[in-house]
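Residue-level listing of the chains:
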Amino acid sequence: MCLSCIPDRTVHINIMSNALSPQNLPDSRPPGPGRPRNFDEAVALEAAMNIFWRKGFEATSLDDLTKAMGLSRSSFYGAFGDKQALFLRAVEHYSSNGIRNLRDVAETAEGNAIDAMMQAISDPHGGSKGCLLVNCITELAPHDEKVAEIGRRHLETIEEIFSKAIDPHNPDAVRDRARAYSSLAIGTLALRKAGIPAERIAETLKQARTILSP
């Protein structure tokens, strides 16, 4: 899932260090009748995503969100609706970034693309924050079908990318193996959250590659 678990080539994949400088904070003044919004929705969405990522959906309050996004409540509601609607947008944003980054890894890897993608997803040195999508699936998917659907779509796309990397000419024939690779890489995110040393995670990936290689 984790795809935005994948480091971005230009910003650092995890977007974990997205501290917003004062000049980048969105303007919190409400737009007023007939006046366009004078804050950057993309910047505000990124800020919201990071709050949800750090605290989870249930523990994130509206005050947390408006403070991080630099918005008044009226501007928040006018631009994003409610907390649930914003959360779904943030998760979709995270998923889109992660998929784009994974495709980039697959297309530009020097050497074995499978190894590069598993390493990118796992990101052994990425800390205990984990993957936003994995966190969401654990917290919300069992009782939130919209979150579950985003998670399924995200995982299926990862499998497709692995399948094409394994066999570009007949990816459907290797879908099960692709699912095994992606599942093992994603599974190491639980090791990260538990504080397992990066060296042990790297060794786990190495063993997984050995086991699954034809």
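For the structure, check the block above.
Bear in mind that the values here come from a model prediction, so they are computed numbers and not experimental data.

Here is what the cut-offs are and how they apply
Residues numbered from 1 in each chain as written. Predicted model: local features only at pLDDT ≥ 70, side-chain atom pairs only at ≥ 80, totals over all residues. Heavy atoms only, no water. Axes fitted to C-alpha atoms, helices over the stretch in contact; angles between N-to-C directions. Helix = DSSP H or I, 4+ residues; strand = E, 2+ residues; numbered from the N terminus. Parallel < 35°, antiparallel > 145°, perpendicular 65-115°, else oblique. Contact = heavy atoms within 4.5 Å. Core = buried A, V, L, I, M, F, W, Y, C linked by side-chain atoms within 4.5 Å. Buried < 20%, exposed > 50% of the residue type's maximum accessible area, 1.4 Å probe, protein only. Phe/Tyr/Trp six-rings, centres within 6.5 Å; stacked < 30°, edge-to-face > 60°. Lys NZ or Arg CZ within 6 Å of the ring centre and 35° of its normal.

Now for the packing of helix α1 (residues 41-55) against helix α4 (residues 83-108). It is at 9 Å that the axes of α1 and α4 come closest, and there the two elements cross at 95°. Considered as vectors, α1 and α4 are oriented roughly perpendicular to each other. In this structure, α1 uses Glu41, Leu45, Glu46, Ala48, Met49, Phe52 and Trp53 to contact α4, whose residues at the interface are Lys83, Leu86, Phe87, Arg89, Ala90, His93, Tyr94 and Asn97.

Counting residues in each nonpolar core, the largest one holds 53 residues, and the members touching the most others are Met69, Leu86, Phe87 and Phe162. Ranked by residues supplied to this core, first place goes to α4 with nine residues. Excluding residues that lie within four positions of it along the chain, Phe87 makes contacts with Phe52, Phe57, Cys136, Leu140 and Val147.

Here the focus is the packing of aromatic side chains. Going through the model one piece at a time under the given rule, you end up with seven aromatic pairs. With a centroid separation of 5.0 Å and 80° between ring planes, the pair formed by Phe52 and Phe87 is classed as edge-to-face. One end of the pair, Phe52, is in helix α1; the other, Phe87, is in helix α4, with 35 residues separating them in the sequence. The same class applies to Phe52 and to Phe87, which are both buried. Pairwise contacts between aromatic rings join Phe52, Phe57 and Phe87 into one cluster. Above the ring of Phe57, the side-chain terminus of Lys83 is found at 4.4 Å from the ring centroid. In this arrangement the basic side chain of Lys129 is found over the ring face of Trp53, its NZ or CZ atom lying 4.2 Å from the centre.

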